[in-house]
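Listed below are the residues making up each chain.
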Amino acid sequence: MLTIHNTLSGKKEEFKPLSDNNVNMYVCGITPYDEVHLGHARCYVVFDIIRRYLKYKGYTVKYVQNFTDIDDKIINRSNEMQIQSSELAQKYIDDYFVQMRKLNIVDADSYPRVTQKIPEIIEFIKKIIDNGYGYVVDGDVYFQVRKFKDYGKLSKRNIEDLKVGARVLPGEKKKDPLDFALWKKAKDGEPSWDSPWGKGRPGWHIECSAMSLKEFGLNTFDIHGGGQDLIFPHHENEIAQSEAALGKQFVKYWIHNGFVTINKEKMSKSLGNFFTLREIFEKYEPMVVRYMLLSQHYRQPLDFTQEKLQQSKNTYFGILNILEKTKNILPDGTADHINDTTIKNYIQNFENSMDDDFNTAESLAMIHGIVNMLNGFYNDFLENKKGAKDWIVLYRNKLLKLCDILGLSFEQELKIPENILKLSEEREQARKNKNWKLSDEIRQKMKELGFEVEDTKSGTRIIKL
Ligand SMILES: [Zn+2]
């Protein structure tokens, strides 16, 4: 039974889709005004794994992710750079796809963009006004928060506490500091669109309500996700707008991933610890970064350190090595019984971990169990033990399948060249013959070719330097 922690109830709940085997899932996308960073990588890797695992469980998943391609940050940045806001947005949307595909994140089924959905957004705002939850002041449209009785149910805040911190900013004409903008009147020189309330552009929150519900046929949908920082006000406001317009529940399960910190500090440009994915990928393979992201449960904060990346690199290369060493081995049918309960237990435990609110940290432990077994069979193979080849093929195939659920791929660029593999094999033989001198010479030779060799309990591991 799959359980998911639902931010709305604050509890783990059994996952039951709203309609049969179909799962509709929406995740808030980026505002493309700068390069994507580690925080983005974490969020989109998390939801990629959720999607992959739901598919593995037999669900059909429709995954929608938006691009906020117009907002203050985009307008300011494009003014600085003296280019059109659409040009700026396109540049960083392109960067998004390049970096995310390196992380082996599968593309969403649909990527609605605000600037392409203005009529739908206007329709949605009209519905909110018609239902009595929105009001117009001099070209702006606001949502009347007090009118929506359930306001605060996601972030567990109450109206009275919120009132203390709420302010009306200069230029805002809302009746109550708690209210938020659905539509903003155009300012001079800003991109704007015609609407029943005059020229303007959508407020930040409305796009996700209008675009998600449009994609899912104006029905309550199964999963809405995003980073923890979006719970308030963004997702709280999405609920208010959507339920005011629909007159029914907006989303069944709310999933939020934890923050990323760098050496226990908040990631920020002013602290000089802000890493874009492009920068990180200059030093580390994207799959190593993906591995590191998986090593922590998605709801926990993830502290990024060089040591952790290096550890992830070593472990990742451990898996890669045994897959490389065994890739040309074919079964020869000499194993007496291949109905193995050990591998079944590993798979069962892997599923149990993933069923427990997508616990990838624990599921990786199962991957390592299989890797250790496979290393053992490989040693048996080197010693010409009967049945070893069959065991290798069985465990190797299962390992690849489970890695695929986690999106860990073993692409060409990461592969260990044949000559290096050959040297490693010669070195292993030399060690078996206790010829330490030869083994050291081979290690040195491999180092000169750019590969470090490391002997661990579960076998020898080659790491690209
Ligand atoms: Zn959103």
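Please read these numbers as outputs of a predicted model, since none were measured by experiment.

A few points about the packing of helix H11 (residues 341-355) against helix H13 (residues 388-405)
Between H11 and H13, the least distance of the axes is 11 Å, while the angle of their chain directions is 5°. Judged by the inter-axis angle, H11 sits roughly parallel to H13. Side by side, H11 and H13 meet where Thr 342, Ile 343, Ile 347 and Phe 350 of the first sit next to Leu 394, Tyr 395, Lys 398, Leu 402 and Ile 405 of the second. Among the residues forming the contact of H11 with H13, the class breakdown is 7 nonpolar, 1 polar and 1 charged.

Comments concerning the pairing of strand E7 (residues 180-185)
In terms of strand pairing, strand E6 (residues 140-143) meets E7 through 3 bridges, oriented antiparallel. Directly across from Val 141, in E7, lies its bridge partner Trp 183. By the bridge criterion, 3 bridges tie E7 to strand E8 (residues 200-202) in an arrangement that is antiparallel. Residue pairing in the sheet places Lys 184 in a bridge with Arg 201 of E8.

Observations regarding the environment of Lys 401
Here Lys 401 lies in helix H13. In this structure Lys 401 comes out as exposed when scored by relative accessible area, which is 52%. Along the backbone, Lys 401 and Ile 347 are 54 residues apart, and their C-alpha atoms lie at a distance of 9.9 Å.

Topic: the coordination of the zinc ion
Within the protein, the zinc ion binds to Cys 28 (SG), Cys 208 (SG) and His 234 (NE2); these donor distances fall in the range 2.0 to 2.2 Å. By relative accessible area, Cys 208 is classed as buried at 2%.

A short note on the pattern of salt bridges
One pass over the full model with this rule turns up 38 salt bridges. Between Asp 176 and Arg 146 there is a salt bridge, with the nearest N and O atoms lying 2.6 Å from each other. Here Asp 176 is found in the loop between helix H5 (159-165) and E7, whereas its partner Arg 146 is found in the loop between E6 and H5, with 30 residues between them in sequence. Note on Asp 176: relative accessible area 13%, which makes it buried. The closest approach of N and O atoms between Lys 163 and Glu 160, which form a salt bridge, is 3.3 Å. One end of the pair is Lys 163 and the other is Glu 160, both in helix H5 and 3 residues apart, which spans about a single turn. A relative accessible area of 40% places Lys 163 in the partly exposed class.

Section: the environment of Cys 208
As for its placement among the helices and strands, Cys 208 is situated in helix H6 (residues 206-215). Those residues within four positions of Cys 208 in sequence are excluded, and the remaining contacts are Tyr 26, Cys 28, Asn 66, His 234 and Glu 238.

Structural notes on the sheet that holds strand E11 (residues 260-262)
Ordered by their spatial adjacency, 3 strands build an open sheet running E12-E11-E13, and the pairing between neighbours is mixed. Both edges of this open sheet fall to strand E12 (265-266) and strand E13 (302-304), since each of them pairs with a single strand only. Strand direction decides the pairing type here: E11 and E13, joined by 3 bridges, are parallel. Residue pairing across strands places Val 260 opposite Leu 302, the latter belonging to E13. Helix H1 (residues 38-56) rests against E11 and E13 of the sheet, and its axis sits at about 145° to E11.

Criteria and cut-off values
- Counting from 1, residues in each chain are numbered in the order their sequence is written.
- Reporting of local features is limited, given that this is a predicted model, to residues whose pLDDT is at least 70; pairs of side-chain atoms are given and counted only at 80 or more, and all residues count toward the totals for whole chains, interfaces and linings.
- In computing side-chain properties, one takes all heavy atoms of the structure into account and sets aside hydrogens as well as water.
- Orientation is described by axes fitted as lines to C-alpha atoms, over the contacting stretch for helices, and by angles from 0 to 180 degrees between their N-to-C directions.
- Each helix is a run of DSSP H or I of at least 4 residues and each strand a run of E of at least 2, with the numbering of both proceeding from the N terminus.
- Relative orientations are named as follows: roughly parallel for angles under 35 degrees, roughly antiparallel for angles over 145 degrees, roughly perpendicular for angles from 65 to 115 degrees, and oblique for any other angle.
- Pairs of residues are marked as contacts when any of their non-hydrogen atoms sit within 4.5 Å.
- Under the scheme applied, nonpolar residues are Ala, Val, Leu, Ile, Met, Phe, Trp, Tyr, Cys and Pro; charged residues are Asp, Glu, Lys and Arg; polar residues are all the others, including Gly.
- Strands are treated as partners if at least two bridges between them are detected by DSSP.
- Between buried and exposed lies partly exposed: a residue is buried under 20% and exposed over 50% of the maximum accessible area for its type, with that area taken using a 1.4 Å probe on protein chains only.
- Counted as coordinating are nitrogen, oxygen and sulfur atoms within 2.8 Å of the metal, or 3.2 Å for Na, K and Ca, while water is not included, which may make sites look incomplete.
- Salt bridges are defined as contacts in which a side-chain nitrogen from Lys or Arg sits within 4 Å of a carboxyl oxygen from Asp or Glu.

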